[in-house]
Amino acid sequence: MVLQMGSPAPSIKVKEWLRGEPLANFQPGKVYIVEFWATWCELCVAEMLELMRLQEKYKGGGLEVVCVAADEDAPTAVEARTKLDAWLTEKCSNLNYRIAFDYTGEMKKLWREPSFSVGIPTSFVVDRDGHIAFVGHPSQLDEVLPKVLNGSWRISDKAKAADTERIATSEPMAREQALKQPIDDRFWAAVKLEDWKTALWAIEEGIALMPDDINFRLAHAHLLLHKIQDMWTGLPVMRQLVSDAIDKNSEDWMVSALDQLFHPANDHSRLPPAERFAMGKELSEHILALNPPPGDSPKFRSYPAVARYYHENGNNDRAIELVELALKSLDRPEPIPEELKEHLLPDLLQALANYRGGKVCYGALCAVPQNKLPGGAKVRPGEKNT
């Protein structure tokens, strides 16, 4: 049965509550936000502060926020819980709402799978009568929540149209995710054992099933070039990835391809230098044409990748200019969440210090040159959406 606006809210089935009192049942007359999140999800972390603000603002109107951590990355439930508890103690010591921990998958089965919610963060709003009023991204709560609280949301044409559109968009994605999950499971089991050939077989099965999936395509190139180091097979795969990224005119695809060629976490010593730099030049020029320096589009995602190409190619002044533009874009008219800025700043400052050959600062945060650029590139097929 599809979980949609007007459906009775599922139960909260969790065994552990890390913050706040356990919630056994939804109380009539109260409105609840049930939020799915994880510590590795940058957008989730930013939204946690927003939820604190909403809880404080609307507590007099009967709002209760419940965050469910059901996607922590750890080999065992004990390790996941320990990691999560330590993170909450360090980062969110003044939380004003409940935190539930679920490692069994029960909450996903009850809430996210029936609603076709494949990614996080995801917010569910439960109305005063115990029925679902909203399913979607928490960024929409500022508009939706006041109307749920005053009882006008579920009866509005806008709410009905939004939920219909959500299901139409999300259902195919959820079905695709269900097809990918067994492949992802085999892949990660092989990666854990460093069994690269088995990992490659899983990814090739994924590509046969979904030839246009960016995560499968990136993992394919990464395994061949950087794990198995089969240049004979890997170079044609890399060439095709570059060609497809440019044909799609997709910044995400092009930056991801560029990272395979120039990210310092990867060993590029076996790649033919002339071809590597030729592909890097083509990708960089297309990225800058798609997102030119004078434009208002954010630069912090793509410009550091392009800067690495120019730095290695000997154009250090251009690399410095691009990183400076990336830093500047952090303070654009539509500011990014502070948590995301804090995550991006260290690597950007470190890159700038390396290129300039001297100490650089941004506010109270400073960096000095190091022999290697910071950061680690990870190719994650079936990456959890954020």
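Above this text is the structure in question.
On a predicted model such as this, the values are computed, not experimentally measured, just so you know. Residue positions are counted from 1 within each chain, in the order its sequence is given. Residues qualify for local features only when their pLDDT is at least 70, as the model is predicted, and side-chain atom pairs are given and counted only at 80 or more; totals for whole chains, interfaces and linings, by contrast, use all residues. Hydrogens are left out, water is left out, and the side-chain values use all remaining heavy atoms of the structure.

Caption draft 1: Quick peek at the nonpolar core. Put simply, buried Ala, Val, Leu, Ile, Met, Phe, Trp, Tyr and Cys residues joined by side-chain atoms within 4.5 Å make one nonpolar core. Accessible area is worked out with a 1.4 Å probe on protein chains only. A residue is then buried under 20% of its type maximum, exposed over 50%, and partly exposed in between. In terms of nonpolar packing, the biggest core is built from 63 residues, with M238 and L283 touching the most fellow members. For this core, the leading source of residues is helix α13 (residues 338-356), giving nine residues. Listed in part, the 59 residues of the second largest apolar core include A9, V31, I132 and V148. Helix and strand definitions here come from DSSP, where helices need a minimum of 4 consecutive H or I residues and strands a minimum of 2 consecutive E residues; each element is numbered from the N-terminal end.

Caption draft 2: Fine view of the packing of helix α1 (residues 42-58) against helix α4 (residues 141-149). Whenever a helix is involved, its axis is fitted only over the stretch in contact; in every case the axis is a line through C-alpha atoms, and angles between N-to-C directions fall within 0 to 180 degrees. Running from amino to carboxyl end, α1 crosses α4 at an angle of 25°, the nearest separation of the two axes being 12 Å. The angle between the axes of α1 and α4 places the two elements in the roughly parallel class. The crossing of α1 and α4 is right-handed. Within the contact between the two elements, α1 uses E50, L51, R53, L54 and Y58 and α4 uses L141, D142, L145, P146 and L149. Polar here means any residue outside two lists: the nonpolar Ala, Val, Leu, Ile, Met, Phe, Trp, Tyr, Cys and Pro, and the charged Asp, Glu, Lys and Arg; Gly therefore counts as polar. Residues that form the contact of α1 with α4 fall into these classes: seven nonpolar, no polar and three charged. Just so you know how the angles are binned, under 35 degrees is roughly parallel, over 145 roughly antiparallel, 65 to 115 roughly perpendicular, and the rest oblique. For any helix crossing, the convention is left-handed if the near helix is rotated counterclockwise from the far helix by under a right angle, and right-handed if that rotation is clockwise. In this description, contact between two residues means that some pair of their heavy atoms is separated by no more than 4.5 Å.

Caption draft 3: Here's a closer look at the packing of aromatic side chains. Note on ring pairs: Phe, Tyr and Trp rings are taken, using the six-membered ring of Trp, and paired if centres are within 6.5 Å. Classes follow the plane angle, with under 30 degrees stacked, over 60 edge-to-face and the rest tilted. Scanning the model with the defined rule gives 11 aromatic pairs in all. For the pair Y309 and Y310, a centre-to-centre distance of 4.9 Å together with 65° between the ring planes defines the contact as edge-to-face. Take Y309 and Y310: they sit in the same class, and that class is buried. An aromatic cluster is defined as three or more aromatic residues linked by ring pairs; in this entry it consists of F26, Y32, F36, W111 and F124.

Caption draft 4: Geometry of the environment of P272. Assignment of secondary structure puts P272 in the loop between α9 (251-262) and α10 (273-290). In this structure, the C-alpha to C-alpha distance between P272 and M231, residues 41 residues apart in sequence, is 9.0 Å.

Caption draft 5: Expanded view of helix α3 (residues 106-115). Residues M107, W111, R112, P114 and S115 constitute the buried set of α3. The inward-facing, buried residues of α3 abut β2 (31-37), β3 (63-69), β5 (122-126), β6 (132-136) and α5 (157-192). The positive-phi residue at the C-terminal boundary of α3 is F116, with phi of around 60°.

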